[in-house]
Amino acid sequence: MSKSITSERIVTKKKGLWHEISKNKILFLMLLPTLLYFLINNYLPMIGIYYAFVQFDFHASNLFQMPFVGLKNFEFLWKSGKLVELTINTISYNIAFIVLVNVTAISVAVMLSEIKGKWFKKITQSVLFLPYFVSFVILSVIVFNLFNYDQGVLNTMLEKLGADPVNLYAMPKAWIPLIIFFYLWKNVGYSMVIYLAAITGISEEYYEAAKIDGANIFQRTWHITVPMLKTTFVILLLFALGAIMKGQFDLFYQMVGNNGLLFSTTDIIDTYVYRSLRVTFDMGMATAAGVYQSVFGFVLILTVNTIIRKINKDYALF
Amino acid sequence: MKIKEDSSTKWFRLISYVVVILGSLLCLLPFLLIVSASLTSNAEIINEGYKLIPSHFTIDAYKIVFMFPEELLRAYGVTTFVTVVGTGLGLLMMTMAGYVLQRKDFKYRNFFSFVIYFTTLFGGGLVPYYMLITNYLQFSNTMNALIWPSLMTPFLIILMRSFINSAVPDEVIESAKIDGANDFLIYFRVVMPLAVPGLATVGLFLALHYWNDWFNSALFINDATKYQLQFYLYNIINTSNFMNNIGAGAGVVLSGPVPSESMKMAMAVVVTGPILLLYPFIQRYFVKGLTIGAVKG
């Protein structure tokens, strides 16, 4: 059996791609629209990285007619002093998101799995997953409802307690916990569903055996559940680490918008690029920052992946 | 055999109930705030601020929203059209791709899978993409600009591939092939009927994305008659937010009347309504998608 497979492989290898295409014509045709889509939508813009090295000109008919300026755009970006702040903000927020979402999601999943009432479990799981389904625009409505200076719930309550109202829209530091809180609000349900599925997959026998041995709930959780969730955690972690230079644009833009007073603590690379493109029309800065994000992010993924490969090949992304 | 539970387990369970209930309230409360504000009179909000339970209920805000419903209905129309067409086209292409990429006799399946996956690792960035859509594809101010960018994602293609892989045994495809069916017929007559749960999951993920999208309107649409529903809401909220929070110092000139507070909240309810109504029926498909994704990696 294995012999015939190997000999078949040798034959196809000799005839190569064209033989394969004519043999599986229909399969290739079915894949073609998808390949063309990614070619145009994702690979073609990679040529546009060249925008970062030219003087942008809205009148030029195409990219290669714009004057080449070398690294000037990057120089401006560096001199603007924003680069370090943007990078630190983007990466720190992402690290906070990764750590807190996973810790919260695992804790809630463990608690939910201990709860016995079937309906109670079903309904609460659905409710915890609900915020994932509403748009970020609704999130901005919620934030406005809670925190706006004149009528927000927060200030209404402070006034009732006899305290002075606060204008959060002029307090940059206050938005660090707020952004993290609303990120958790929107995403814990998603990760929790994944962890809950993994917990459901753990054989009941382990727990029974541990109970007979007299292990209490904390020992069972720590010595059985947590180790069994390791694979799921590592997979989620690697995906998150791969995207550590990509910010949660929707979240930040809908919560903070173009409010310059808050940028020192809330501006990430994605919001900066968007503003440069659509608000301040500084194309040179926008492309340079975008290329910096793509390249730096890619190098980070390759590094993380190489390290993971050394530690445990099964966990590597590619 | 029933083992007697120790007291720490009982305590843990009690705490679990408390935490889960509090967490659920935290998830629901913001929606209740919006709904109750939409049922409060505008004067009450201006004088007393937003609160959880209004002193007087009124549906005035909804009356105003539906007094001149043309713009709202048009935005609903745009979003519905984009969601239906985008989900239909995207599903067709992604199911075909998922089917081909899981066929064991398709020699280059790993290579092409990587070609698709690679786009999540590296890209050109926002500006080149913006130039592609506006300058090269000339999609500005057309429905294409709203449909095209979200048509397919590597995550959903890989999800579809895993679904088909686990729902359709290789032998079924093999035997259909021996019966003389061509590869497309196998996909259409054999694989698709077996993959209906997977189709529902991937389709709902895609539809949710289209329904909640506001970013493509913000980037590519200047013509207000082509705004998606979410972006239409975003505009209404923000024309007056900006004034409230930063003050007139920013030098922004408003066109048209500033929408009233309760009306904005009523608009938010009208925009989110369909999702909340459908949610109980569709959420299990999302749970299924995440579960399969988690198992297969």
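Residues numbered from 1 in each chain as written. Chains lettered and ligands numbered in written order. Predicted model: local features only at pLDDT ≥ 70, side-chain atom pairs only at ≥ 80, totals over all residues.

**Re the overall build of chain A**
Quick note on the threshold: Only DSSP runs of H or I with at least four residues qualify as helices, and only runs of E with at least two residues qualify as strands; both kinds are numbered from the N terminus onward. Residues are called buried when their C-beta atom has 20 or more other C-beta atoms within 10 Å, exposed when it has 12 or fewer, and partly exposed otherwise; all C-beta atoms are positioned from the backbone. Contact between two residues is assigned whenever their backbone-derived C-beta positions fall within 7 Å.
Scanning chain A from terminus to terminus reveals 15 helices and 0 strands. Along the longest, intermediate and shortest principal axes, the C-alpha atoms of chain A span 75 × 65 × 35 Å. Taking all 318 residues of chain A together, the buried fraction comes to 37%. Nonlocal contacts in chain A, meaning residues at least 24 apart in sequence, comprise 63% of its contacts between residues at least 6 apart.

**Things to note about the overall build of chain B**
Of the regular secondary structure elements, chain B holds 14 helices and 0 strands. The order of helices and strands in chain B, counted from the N terminus, is α-α-α-α-α-α-α-α-α-α-α-α-α-α. Taking all 297 residues of chain B together, 38% fall into the buried category. Once local pairs closer than 6 in sequence are excluded, the contacts in chain B between residues at least 24 apart make up 73%.

**Some words on the environment of Y129 of chain B**
Turning to its location among the elements, Y129 of chain B is positioned in helix 6 (residues 126–136). Judged by the 20 C-beta atoms lying within 10 Å of it, Y129 of chain B falls in the buried class. Separated by 43 residues in the primary sequence, Y129 of chain B and G86 of chain B place their C-alpha atoms 19 Å from one another. Apart from residues no more than four positions distant in its own chain, Y129 of chain B is found in contact with P45 of chain A together with G124 of chain B.

**Thoughts on the confidence of the model for chain A**
Residues and elements named next belong to chain A. Stated precisely, the cut-off is as follows: Confidence of the predictor in every single residue is expressed as pLDDT, which spans 0 to 100.
Per-residue pLDDT for chain A has a mean of 87; in total, 95% of the residues score no lower than 70. Element-level pLDDT for chain A is lowest in helix 1 (residues 2–23), with a mean of 61, against a maximum mean of 95 in helix 2 (residues 25–47). Residue range residues 1–7 is modelled with pLDDT below 50. Its contacts to residues more than four positions away, or to other chains, number 0 contacts.

**Here we look at the interface of chain A and chain B**
Formally: Under the grouping applied here, Gly and all other residues not named as nonpolar or charged are polar, the nonpolar ones being Ala, Val, Leu, Ile, Met, Phe, Trp, Tyr, Cys and Pro and the charged ones Asp, Glu, Lys and Arg.
Tallying the contact residues gives 78 residues for chain A and 78 residues for chain B. Looking at which element gives the most residues to the side of chain A that touches chain B, the answer is helix 2 of chain A, with 13 residues. Class assignment of the residues belonging to the side of chain A that touches chain B gives a composition of 50 nonpolar, 24 polar and 4 charged.

**Side note on unusual backbone geometry**
For F281 of chain A, which is not a glycine, the phi torsion comes out positive at approximately 55°. Considering the arrangement of structural elements, one finds F281 of chain A in the loop between helix 14 (269–278) and helix 15 (283–311). Of note, Q138 of chain B is a non-glycine position whose phi angle comes to about 55°, a positive value. Relative to the elements of secondary structure, Q138 of chain B occurs in the loop between helix 6 and helix 7 (144–147).

**Side note on helix 8 (residues 154–167) of chain B**
Rules: One less than the number of residues in a helix, times 1.5 Å, gives the span that helix is expected to have.
Its 14 residues give helix 8 of chain B an end-to-end C-alpha distance of 20 Å, which sits within 8% of 20 Å, the value for a rise of 1.5 Å per residue. Taken as a whole, helix 8 of chain B has its buried residues at L156, I157, I158, L159, M160, R161, F163, I164 and N165 of chain B.

**A closer look at the domain arrangement of chain A**
All names here are of chain A. Rules: An automatic or database domain assignment provides the domain bounds reported here.
Assigned domains of chain A: these are domain 1 (2–70) and domain 2 (80–315). Each of domain 1 and domain 2 has a C-alpha centre, and these two points are 34 Å apart. With 4 residues of domain 1 at the contact, the number on the domain 2 side is 5 residues. Per-class residue counts for the side of domain 1 that touches domain 2 are 4 nonpolar, no polar and no charged.

**Describing the domain arrangement of chain B**
Each assigned domain of chain B is listed here: domain 1 (7–63) and domain 2 (69–259). Computed over C-alpha atoms only, the centres of domain 1 of chain B and domain 2 of chain B are separated by 33 Å.

**Details of the nonpolar core**
The following threshold applies: To count as a nonpolar core, a set of buried Ala, Val, Leu, Ile, Met, Phe, Trp, Tyr and Cys residues must be joined through C-beta atoms within 7 Å.
Ranked by size, the top nonpolar core spans 146 residues in total, and within it A109 and Y195 of chain A together with L233 of chain B carry the most contacts. Top contributing element to this core by residue count: helix 8 (residues 175–200) of chain A, with 13 residues.

**Observations regarding the packing of helix 2 of chain A against helix 4 (residues 70–102) of chain B**
Short version of the rule: Axes, fitted as lines to C-alpha atoms, cover a helix only where it is in contact. Angles between the N-to-C directions of the axes lie from 0 to 180 degrees. Should an angle fall under 35 degrees it is called roughly parallel, over 145 degrees roughly antiparallel, and 65 to 115 degrees roughly perpendicular, with every other angle called oblique. In this scheme the handedness of a crossing depends on how the near helix is turned from the far one: anticlockwise by less than a right angle means left-handed, clockwise means right-handed.
Where helix 2 of chain A meets helix 4 of chain B, the axes come as close as 8 Å, and the angle between the chain directions of the two elements is 120°. Taken together, the axes of helix 2 of chain A and helix 4 of chain B are oblique relative to one another. The way helix 2 of chain A lies across helix 4 of chain B gives a crossing that is left-handed. Of the residues in helix 4 of chain B, those touching helix 2 of chain A at L27, M30, L31, P33, T34 and Y37 of chain A are M93, M96, A97 and V100 of chain B. Considering only residue class, the contact of helix 2 of chain A with helix 4 of chain B consists of 9 nonpolar, 1 polar and no charged.

**What to know about the packing of helix 6 (residues 136–147) of chain A against helix 1 (residues 7–38) of chain B**
For the pair helix 6 of chain A and helix 1 of chain B, the least separation of the axes is 10 Å and the interaxial angle reads 75°. Regarding the angle of helix 6 of chain A to helix 1 of chain B, the classification is roughly perpendicular. Residues V141, I142 and N145 of chain A of helix 6 of chain A lie in contact with helix 1 of chain B, whose contacting residues are P30, L33, I34 and A37 of chain B.

**Quick notes on the environment of I106 of chain A**
Residue and element names in this part refer to chain A. Here I106 is to be found in helix 4 (residues 82–114). When the 22 C-beta atoms within 10 Å are taken as the criterion, I106 is described as buried. Note: C-alpha distance between I106 and Y272 (166 residues apart in sequence) is 33 Å. Sequence-distant contacts of I106, that is, excluding residues within four places in its chain, are made with Y195 and L229.

**Some details on the environment of G124 of chain B**
Relative to the helices and strands, G124 of chain B is located in the loop between helix 5 (109–118) and helix 6. When the C-alpha atoms of G124 of chain B and M93 of chain B are compared, they prove to be 24 Å apart, with 31 residues separating the residues in sequence. The contact partners of G124 of chain B, leaving out residues within four places of it in the chain, are P45, M46, G48, I49 and S294 of chain A together with Y129 of chain B.

**Focus on the confidence of the model for chain B**
All names here are of chain B. Residues of chain B with pLDDT of at least 70 account for 90%, and the chain-wide mean is 86. Model confidence for chain B, summarised as mean pLDDT per element, is weakest for helix 13 (residues 229–246) at 74 and strongest for helix 7 at 96. Low pLDDT, under 50, characterises residues 245–257; the stretch is placed with 8 contacts to residues that sit more than four places away or in other chains. Two numbers describe this predicted complex: its pTM, 0.89, and its ipTM, 0.88.

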